[in-house]
Amino acid sequence: MLDAIAKGTAAQDESVDLQAEFEASNIDEVMDKLDRELVGLKPIKTRIREIAALLLVDRLRRKFGLTSGAPTLHMNFTGNPGTGKTTVALRMAEILHRLGYVREGHMVAVTRDDLVGQYVGHTAPKTREVIKRAMGGVLFIDEAYYLYKPENERDYGQESIEILLQCMENNRDDLVVILAGYKNKMDRFFDSNPGMRSRIAHHLDFPDYGVSELKSIAEIMLAEQNYRLSEAAAKALEEYLPIRMRLPHFSNARSVRNGLDRARLRQANRLFASRDRALTKTDLITIEESDIRGSRVFAEGKLEGEPETKAR
Ligand SMILES: Nc1ncnc2c1ncn2[C@@H]1O[C@H](COP(=O)(O)OP(=O)(O)OP(=O)(O)O)[C@@H](O)[C@H]1O
């Protein structure tokens, strides 16, 4: 693949047009998509642009024979659940494809269970099969640290790690591995697996979203599905979000998506209950205040606050 990019044959006095290369790669289209579909994440978007620029320049250097061998592109995405790691990894796969660093640009997302078998002899074929599927694209390993279980001496995860390490080294020109998970767990994983750390070129840390970002995320998600919030529903959502953030199992944008799914369900039930009247398009697209306030979150938020109130 890389020899398809260039063979290091450009003459020393020949010039290259970085802008033309940039335009030809069409990566700005992916960048625009990233900007449009993902709220916030400024530091992440900046890093992606920097990586894209690095790869583009690397491609030009190759033309002059100034760089040899495939660059290391394996990455580590850390952050809490629902902060956009999988979505950004998908876009990264597209960028790497457009720049010619992987043949296909698809992404295979897996967890430990997809890589590690339960019995002796099962792990190697399982891991190899996943790698085979991911070849030419990105292999995204969510919660990668579960591959390593030091408390169990004979855990098969180690076997999978070793095969992955080998592939990450030998197939650098056609497979990019992105590891993902909580930052502290990932740090501990790298401490115990220095071989893995040394093969990672880029570490990106995804921040949690604030209330206003979560609200914008909700609006994007609703617009994508042809829904909108009434004014009172938008206010209710502003109250809902900080309560949901304090409750257990909060997972950023994923919680927003789940909360909206339930609001749509309540909207449908509300419309169904008044089915004796004709519905307008506005009825069908509008999420009303009661669809948001009907959430358990308001009751649970109160329950959570109760002991505190009693203690005072
Ligand atoms: N910044 C954002 N703007 C809009 N939507 C977002 C944003 N971040 C995440 N989402 C949406 O939230 C959902 C969860 O995101 P994603 O799966 O990428 O997160 P993740 O960090 O990989 O979390 P998990 O590990 O739980 O899968 C997706 O539907 C995604 O489209």
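Cut-offs applied
Residues numbered from 1 in each chain as written. Predicted model: local features only at pLDDT ≥ 70, side-chain atom pairs only at ≥ 80, totals over all residues. Near = placed C-beta within 6 Å. Helix = DSSP H or I, 4+ residues; strand = E, 2+ residues; numbered from the N terminus. Nonpolar A, V, L, I, M, F, W, Y, C, P; charged D, E, K, R; others polar. Domains from an automatic or database assignment. Contact = placed C-beta atoms within 7 Å. Expected span 1.5 Å × (residues − 1). Buried ≥ 20, exposed ≤ 12 C-beta atoms within 10 Å, placed from the backbone. Pairing = 2+ DSSP bridges. Axes fitted to C-alpha atoms, helices over the stretch in contact; angles between N-to-C directions. Arc of directions from axis to C-beta. Parallel < 35°, antiparallel > 145°, perpendicular 65-115°, else oblique.

This next bit is on the site of the ligand. Close contacts around the ligand come from 19 residues, with P81, G84, K85, T86 and A253 the closest. Elements that contribute at least two residues to the shell around the ligand include exactly α5 (85–98), α11 (211–224) and α13 (252–273). Grouping the amino acids of the shell around the ligand by side-chain chemistry returns seven nonpolar, eight polar and four charged. For the shell around the ligand, the two domains that each supply at least three residues are domain 1 (2–206) and domain 2 (211–303).

What follows concerns the domain arrangement of the protein. We note that the domain assignment places domain 1 (2–206) and domain 2 (211–303) within the protein. Domain 1 and domain 2 are separated by 36 Å when their C-alpha centres are compared. If you look at the interface, domain 1 gives seven residues, while domain 2 gives nine residues. Considering only residue class, the side of domain 1 that touches domain 2 consists of two nonpolar, five polar and no charged.

Quick look at helix α8 (residues 157–170) now. The end-to-end C-alpha distance of α8 is 20 Å, a good match for the 20 Å that 14 residues give at a rise of 1.5 Å each. Taken together, the buried positions of α8 are occupied by E159, S160, I161, L164, C167 and M168. Of the surrounding elements, those touching the buried residues of α8 are α6 (112–115), α7 (123–134), β4 (176–181) and α10 (194–198).

Here the focus is the sheet that holds strand β2 (residues 107–110). Strand pairing in a sheet relies on backbone hydrogen bonds. The paired strands run either parallel or antiparallel. If you walk across this open sheet you meet the five strands as β2-β3-β4-β1-β5, and the pairing is parallel. The two strands at the open ends of the sheet, each matched to only one other strand, are β2 and β5 (202–206). For this sheet the average axis-to-axis angle between neighbouring strands, irrespective of direction, equals 20°. Note that strand β1 (residues 75–79) and β5 share five bridges and pair parallel.

When we look at burial in helix α3 (residues 27–37), the residues that qualify are I27, V30 and L34. Each buried residue of α3 lies within a common arc of 55° when the element is viewed along its axis, so the set occupies one face. Turned more than 90 degrees away from the buried face of α3, the exposed residues are E29, D32, K33, D35 and R36. Contacts from the buried residues of α3 go to α2 (18–25), α4 (42–63) and α5.

To characterise two packed helices, one gives the angle between the axes of the helices and the distance between these axes. At their nearest, the axes of α3 and α5 sit 9 Å apart, and the two run at 170° to each other. Viewed along their axes, α3 and α5 adopt a mutual orientation that is roughly antiparallel. Contacts from I27, V30, K33 and L34 of α3 reach α5 at R91, E94, I95 and R98. Its residues assigned to classes, the contact of α3 with α5 comprises four nonpolar, no polar and four charged.

Turning to its location among the elements, E159 is positioned in helix α8. Note on E159: 21 C-beta atoms within 10 Å, which makes it buried. Separated by 13 residues in the primary sequence, E159 and R172 place their C-alpha atoms 20 Å from one another.

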